[in-house]
Amino acid sequence: MGVLSHKSGEIANPVWGAIGLIAVAIAIGALTWSMTLSKTSKQNLELSESMLMDAESFDSEMNEIIKTMQNLTQALQDYRKNIEICDAYINEYNATIHRILLTEGDDFEVYKPSSKAHIERASVTVSAIIPHLNIAIMTTENKTADQLLQAIDDTKKLVQDLIEEKPISTM
């Protein structure tokens, strides 16, 4: 009997050994690739979750800034309207004072009582508005400054006093 005969106790065929070796190598390669892919996927998932948390934090900060800016914009619009109304009254006072100067001269002591009262009201109005022309509008924490909010309240009251021709209170 020869070496290559096919009986049960004989040496296995080298082709089958090579196929087995290749199958084991492919299995080990697939397992390694699968583990690497799993590790990379896990790292990508962790990175994605971290980026999502950062994006949500950024979104929250931006929404807070947007809300602050919207509040500030509204406050400034209110303030601007009050200042424009005061400006209209001051322009009216200036025109009347100009008329008084032209018709009554420049000696305050000889003015009619109504002219003196008008000049006094103009002076009080200007004195009331001047402190509110140079104010802080935001804090260092990016919030609307209390000074602006107080100026809005004060100028709103001044406008109301001017419209209703009430005595103007000092602010």
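Worth saying up front: this structure is predicted, and the values here are computed from it rather than measured. (Residues numbered from 1 in each chain as written. Predicted model: local features only at pLDDT ≥ 70, side-chain atom pairs only at ≥ 80, totals over all residues. Heavy atoms only, no water.)

A. A look at the side chain of Glu104. Tracing the sequence through the fold places Glu104 in helix α1 (residues 14-104). Lys112 provides the closest opposite charge to the buried, unpaired Glu104, separated from it by 4.0 Å. Within the structure, the side chain of Glu104 is placed 2.5 Å from the side chain of Ser115, a separation counted as a polar contact. Leaving out residues up to four positions away in the same chain, Glu104 has contacts with Val110, Tyr111, Lys112 and Ser115. (Helix = DSSP H or I, 4+ residues; strand = E, 2+ residues; numbered from the N terminus. Buried < 20%, exposed > 50% of the residue type's maximum accessible area, 1.4 Å probe, protein only. Lys, Arg positive; Asp, Glu negative; His and termini not counted. Salt bridge = Lys/Arg side-chain N within 4 Å of Asp/Glu carboxyl O. Polar contact = N/O pair within 3.5 Å; in protein donor to acceptor, adjacent residues only side chain to side chain. Contact = heavy atoms within 4.5 Å.)

B. Highlighting the packing of aromatic side chains. Throughout the structure, instances matching the rule amount to 1 aromatic pair. On the basis of an interplanar angle of 70° and a centroid distance of 5.6 Å, the ring pair of Phe108 and Tyr111 is categorised as edge-to-face. For Lys116, the ring lying beneath its charged end belongs to Phe108, and the centroid distance is 5.6 Å. (Phe/Tyr/Trp six-rings, centres within 6.5 Å; stacked < 30°, edge-to-face > 60°. Lys NZ or Arg CZ within 6 Å of the ring centre and 35° of its normal.)

C. Examining helix α3 (residues 146-163) more closely. For α3, with 18 residues, the first-to-last C-alpha span of 26 Å sits near the 26 Å given by 1.5 Å per residue. When we look at burial in α3, the residues that qualify are Leu148, Ala151, Ile152, Asp154, Thr155, Leu158, Val159, Asp161 and Leu162. Where α3 is buried, its residues touch α1 and α2 (113-129). Looking one or two places after α3, you find Glu165, whose phi comes out positive at around 55°. (Expected span 1.5 Å × (residues − 1).)

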